[in-house]
Amino acid sequence: MIEYKGKIIVIAGATATGKSEISLNLAKEINGAIINADSRQIYKEINIGSAKPKFDKEISKGIHTLNGITHYLYDFVDPKENFTIFDYQNCVNNILKNIQEVPILTGGSGLYIDSVIYNYKLNKNNKNIYLKDKSIEELQELAKEYLPYMSESDRKNKHRLIRAVQREGVNKEKGKELNNIYFVMDVQKEILQERIKKRIDNMFKEGLLEENISLLKQGYTYNDKGMKTIGYIEFKEYFENKISLEDVKERIFKNTMGYVKRQRTWFKRNKNAIWINEPKEILYLASNFILKE
RNA sequence: GCAGAGGUGGCGGAGCGGUCAAACGCAUCGGACUGUAAAUCCGACUCCUUCGGGAUACACUGGUUCAAAUCCAGUCCUCUGCA
């Protein structure tokens, strides 16, 4: 649970919509600090493919500065580590306890953002039973009494069935919603497509392939949690000599577009979100939000 | 020119007389999702519909049959082999 009582600004949105830049500018204007809400940029070594900002310096574990703005929760988790939403929420809570600046939660991981803003109660779990080898049917049987509370797709979703069994039910508990203003960067799909294409080209130029090679040399594998990231996992078959580098590129593009779609779907369910694309507007609205009583 | 193979939905590709508006994959679109979340999963995808159905569809034109994407004939294309 989050205990923070102050105001918080959210800059959410699909990948490549310009969240980082807007957040940085906003932070400068309103004396803000940025808290990462991107489930990939938390990882060490996962740099180019996650479009992690290039910081000026690291102050302490997970805390960096860029243009004088403090950035929290970047580049501090080992890709092999099993970092979860529970850990994430905890980290954010700890930061918010001591923060002096206006927190700006920035990223594309909707679940991570909402776990903070809508204050999910995540604490009461966890039977650690091994269920991965069970079939869907077996899991449905085990989760029988929870099925009525699950959505149609969740009932056929192995991961979600396993979770239901482990936590013995469906948990929708929330604490008090934070005092927030929630922006979703709204970029037209065609424009975003072009941007993503260019961005992938750039990633290759910057050495995405080399980064993958280096990760493998360091002993990471594509089974590690942090390696299951768009821009990395697609290289797996390349190194197995199954596909070409062009194929890799194409798959990265397709997977990114699929990701964009899922992100949009997630953010659409928040009726309070302000879909916006004009930096000045964001600055204006955010400033008003900070100033008002 | 002769000999083979073939033309199926946006694409790839099954089907080879009825249970076919047509498997499967991809693309596209919509959606779900509180401890894997850049994950995982569900649905739609010819048109119309009062959601029971209805109307057009498997290159084209005819034919056989109670019934044809599936069989036959012709036409037009495409590929491969031989000339």
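So, here is what we can say about the structure in this document. (Residues numbered from 1 in each chain as written. Chains lettered and ligands numbered in written order. Predicted model: local features only at pLDDT ≥ 70, side-chain atom pairs only at ≥ 80, totals over all residues.)

1. Considering the packing of helix α6 (residues 189-206) against helix α9 (residues 245-268)
Condition: Interaxial angle, 0 to 180 degrees, is taken between N-to-C directions of lines fitted to C-alpha atoms, where a helix line uses only the stretch in contact. Numbering of helices and strands starts at the N terminus; helices are DSSP runs of H or I of at least 4 residues and strands are runs of E of at least 2. The cut-offs work like this: below 35 degrees is roughly parallel, past 145 is roughly antiparallel, 65 to 115 is roughly perpendicular, and the gaps in between are oblique. Take the far helix as the reference: if the near one is turned anticlockwise from it by less than a right angle, the crossing is left-handed, and if turned clockwise, right-handed. A pair of residues counts as a contact when their C-beta atoms, built from backbone coordinates, are separated by no more than 7 Å. Polarity classes work like this: nonpolar for Ala, Val, Leu, Ile, Met, Phe, Trp, Tyr, Cys and Pro, charged for Asp, Glu, Lys and Arg, and polar for all others, with Gly in that last group.
One can describe the packing of α6 onto α9 by two numbers: an axis separation of 10 Å at closest approach and a directional angle of 140 degrees. On the basis of their axis angle, the class for α6 and α9 is oblique. The two elements α6 and α9 meet at a crossing, and its hand is right-handed. Only Lys249, Ile252, Phe253, Thr256, Met257 and Val260 of α9 make contact with α6, whose side of the interface consists of Leu192, Gln193, Ile196, Lys197, Ile200 and Phe204. In terms of residue class, the contact of α6 with α9 is made up of 8 nonpolar, 2 polar and 2 charged.

2. Comments concerning unusual backbone geometry
This is how the line gets drawn: Put plainly, a residue is buried at 20 or more neighbouring C-beta atoms within 10 Å of its own, exposed at 12 or fewer, and partly exposed in between, counting only other residues' C-beta atoms, which are placed from the backbone.
Phi is positive for Asn31, which is not a glycine, with a value near 55 degrees. On the secondary structure map, Asn31 appears in the loop between α1 (19-30) and β2 (32-36). Asn31 sits in the exposed class, given 11 other C-beta atoms within 10 Å. In this structure, Asn119 is a non-glycine residue whose phi angle is positive, near 55 degrees. Following the sequence through the fold, Asn119 ends up in the loop between α3 (110-117) and α4 (136-142). Classification of Asn119 by C-beta neighbours within 10 Å gives buried; the count is 20.

3. Focus: the protein's contact with RNA strand B
The condition that has to hold: The rule is simple: place the C-beta atom from the backbone, and if it lies within 6 Å of a molecule or strand, the residue is near it.
The local shell around RNA strand B holds 52 residues, among which Ser39, Arg40, Phe86, Ser151 and Ser153 are the closest. Elements that contribute at least two residues to the surface near RNA strand B include exactly α2 (85-98), α3, α5 (158-166) and α9. It is α9 that provides the largest number of residues to the surface near RNA strand B, a total of 9 residues. Of the residues in the surface near RNA strand B, the class split is 12 nonpolar, 20 polar and 20 charged.

4. Remarks on the packing of α1 against helix α10 (residues 279-291)
The N-to-C vectors of α1 and α10 enclose an angle of 40 degrees; their axes lie 10 Å apart at closest approach. Overall, the two elements α1 and α10 adopt an arrangement that is oblique. Our pair here, α1 against α10, has a crossing hand that is right-handed. Along its contact with α1, which presents Ile22, Asn25, Leu26, Glu29 and Ile30, the element α10 presents Pro279, Ile282, Leu283, Ala286, Ser287 and Ile290. Grouping the constituent residues of the contact of α1 with α10 by class yields 8 nonpolar, 2 polar and 1 charged.

5. Some remarks on the environment of Ile136
With respect to the element layout, Ile136 can be found in helix α4. Since 12 C-beta atoms lie within 10 Å of it, Ile136 is described here as exposed. As for Ile136 and Ile162, which are separated by 26 residues in sequence, their C-alpha atoms are 9.4 Å apart. Apart from the residues lying within four places of it in its own chain, the contact partners of Ile136 are Lys156 and Lys158.

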